[in-house]
Amino acid sequence: MSEELDRTSVAHAMQPDDTPELRELYRGFAEQSLLPLWTQLGDLMPIHPKSKALPYVWKWAKLLPLAKRSGDLVPVGRGGERRAIGLGNPGLAPHAYISPTLWAAIQYLGPREVAPEHRHSQNAFRFVVEGEGVWTVVNGDPVRMSRGDLLLTPGGNFHGHQNVTDQPMTWIDGLDIPFSQQMDVGFFEFGSDQLTCLETPDYSRGERLWCHPGLRPLAGLKDTVSSPIGAYRWKYTDAALSEQLTLESEGYPATVAPGHAAIRYVNPTTGGDVMPTIRLEFHRLRAGTETATRRDVGSTVFQVFEGTGAVVMNGETHVLEKGDMFVVPSWIPWSLQAETPFDLFRFSDAPIMEKLNFMRSDVEQS
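So, here's what we can say about the structure. All values derive from a computational prediction rather than experimental measurement.

Moving on to the overall build of the protein. Secondary structure assignment for the protein yields eight helices and 22 strands. Computed over C-alpha atoms, the radius of gyration of the protein comes to 23 Å, within 12% of the 21 Å expected from 2.2 N^0.38 for 366 residues, which places it in the range of a compact globule. Here the C-alpha coordinates of the protein stretch approximately 75 × 55 × 45 Å along the principal axes. Across the 366 residues that make up the protein, the buried fraction comes to 46%. In the protein, of all internal contacts separated by at least 6 residues, the share reaching a separation of at least 24 is 74%. For the protein, the exposed area adds up to about 18900 Å²; of that, 55% sits on carbon and sulfur atoms. Charge-centre separation for the protein: the mean point of 33 positive side chains lies 4 Å from the mean point of 45 negative side chains.

Encoded structure:
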């Protein structure tokens, strides 16, 4: 007998008869803001995670026109700070949370616009699915944003954005806002209205110091909580994934599963995740590849970078194309199917789950 069947078959011995005395007891509980465990055990301690968040897909073709329209109607500047539109999970309304721990948004910056500097406790990143022309300035270091690049803004760093072209640019933001809000750890501080550096170099100072494979500057031997690299460039991500699949074709073990190449962005000072609360990865599937169905504790979000395919969540198939985003809540079964060569950017709350020893995964064996 399964654990769930065994649990539900146990008689509820602590369900007393309804009497005037019992009702008086419960009124006393209510007056003192008390809630007896025996009336809510199923909600507090379920057999397995039962997230209020729903598996959900946002279509890029619907998101982009709305972002562009917001650019026409909503100015960027102090008060709102960013023209960022949060992806609200329908199961978590009215909050604009994509999951109980993660926040995701599509951000739009118009031609020649500047988003003023600020900083906050929450860890943040940006991923660019298309476009160029924006520089994000992090603690005075200007970082170019281009297609396929991952940009980091760890908590506590002043940052702002400038678009130096006559064309708008759109990207996605990811933060740990829900987790930070639940834990009451958030601080926010306004910075300069104008960017502290207006330079537009091809490579930031952080990249020039740190982005040399296998080499660590002696000036940076101290381990850091978050990665000192401001941008993880697409050309390196693309090359790493391509080599994995090439090595697989040559008969060497280089992929996580047949036809499935993947990389994790890491902090070069520790070899661990780039930020303490968010894991960032990139996955590439050969055409025709299907991944095993799996469940994971914690939530994960994907954006399709290139190609077409599908995700199956809770047995329901969702067709995907470039730019589409979807969220997999905790312990929801999911798998990927590649119709064409299929590239996907992924972020999750795995560092939180692992550090707190809550992480658990279940992968169906073929």
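Let's shift gears to the sheet that holds strand 7 (residues 141-146). The sheet built from five strands is open, its strands ordered 7-6-9-4-11 with antiparallel pairing. A strand with exactly one partner marks an edge of an open sheet, and here the two such strands are strand 7 and strand 11 (188-190). The mean angle between the axes of side-by-side strands here comes to 25°, regardless of whether they run parallel or antiparallel. When strand 6 (residues 132-138) meets strand 7, the two strands line up antiparallel, connected through six bridges. Note that in strand 7 the partner of Val138 across the bridge is Asp141.

As enumerated under the stated definition, the model contains 22 salt bridges in all. The partner of Glu189 in a salt bridge is Arg119, with the nearest N and O atoms 2.9 Å apart. Residue Glu189 is found in strand 11, and its partner Arg119 is found in strand 4 (residues 114-120); the two are separated by 70 residues along the sequence. A salt bridge links Asp173 to Arg126, with the nearest nitrogen and oxygen atoms 3.0 Å apart. Taken as a pair, Asp173 in strand 10 (residues 169-175) and Arg126 in strand 5 (residues 124-127) lie far apart in primary sequence, 47 residues in all. Arg126 shares its class with Asp173; the two are buried. It is possible to trace a salt-bridge network through shared partners that takes in Arg78, Glu81 and Asp193.

This part takes up the side chain of Thr300. By the element assignment, Thr300 lies in strand 16 (residues 300-306). A relative accessible area of 5% means that Thr300 is categorised as buried. Within polar-contact distance, the side chain of Thr300 engages the side chain of Arg346 at 2.8 Å. Among the polar contacts made by the side chain of Thr300, one reaches the main-chain carbonyl oxygen of Phe347 at a distance of 3.4 Å. Setting aside residues up to four positions removed in sequence, Thr300 forms contacts with Phe326, Val327, Val328, Arg346, Phe347 and Ser348.

Bringing the nonpolar core into the picture now. With 37 residues, the main nonpolar core has Phe125, Tyr265, Leu280, Phe282, Phe345 and Phe347 as its most contacted residues. When residues no more than four places from it in sequence are discounted, the contact partners of Phe347 are Leu102, Trp103, Ala104, Phe125, Ile278, Arg279, Leu280, Ser299, Thr300 and Val301. By size, the runner-up hydrophobic cluster in this structure holds 15 residues, among which are Phe302, Phe326, Leu336 and Leu344.

Below, the discussion takes up helix 4 (residues 60-73). With 14 residues, helix 4 extends 20 Å between its outermost C-alpha atoms, agreeing within 8% with the 20 Å of an ideal straight helix rising 1.5 Å per residue. Among all positions in helix 4, only Trp60, Leu63, Leu64, Ala67 and Ser70 are buried. Buried positions in helix 4, seen along its axis, are confined to an arc of 125° and lie on one side of it. Seen from the buried face of helix 4, the exposed residues on the opposite side, beyond 90 degrees, are Ala61, Lys62, Leu66, Asp72 and Leu73. Looking at the buried residues of helix 4, the elements they touch are strand 1 (56-58), strand 2 (84-86), strand 3 (103-109), strand 10 and strand 16.

Mapped onto the elements of the fold, Phe187 is located in the loop between helix 5 (177-183) and strand 11. For Phe187, a relative accessible area of 66% gives the class exposed. Taking C-alpha positions, Phe187 is 21 Å from Ile85, a pair spaced 102 residues apart along the chain. Setting aside chain neighbours within four positions, we find Phe187 in contact with Arg119, His120, Ser121 and Gln122.

Thresholds applied
- Residues numbered from 1 in each chain as written.
- Predicted model: local features only at pLDDT ≥ 70, side-chain atom pairs only at ≥ 80, totals over all residues.
- Heavy atoms only, no water.
- Helix = DSSP H or I, 4+ residues; strand = E, 2+ residues; numbered from the N terminus.
- Rg over C-alpha atoms; globule rule 2.2 N^0.38 Å.
- Buried < 20%, exposed > 50% of the residue type's maximum accessible area, 1.4 Å probe, protein only.
- Contact = heavy atoms within 4.5 Å.
- Areas by Shrake-Rupley, 256 points an atom, 1.4 Å probe, with all protein chains shown as cover.
- Lys, Arg positive; Asp, Glu negative; His and termini not counted.
- Charge placed at Lys NZ, Arg CZ, Asp CG, Glu CD.
- Pairing = 2+ DSSP bridges.
- Axes fitted to C-alpha atoms, helices over the stretch in contact; angles between N-to-C directions.
- Salt bridge = Lys/Arg side-chain N within 4 Å of Asp/Glu carboxyl O.
- Polar contact = N/O pair within 3.5 Å; in protein donor to acceptor, adjacent residues only side chain to side chain.
- Core = buried A, V, L, I, M, F, W, Y, C linked by side-chain atoms within 4.5 Å.
- Expected span 1.5 Å × (residues − 1).
- Arc of directions from axis to C-beta.

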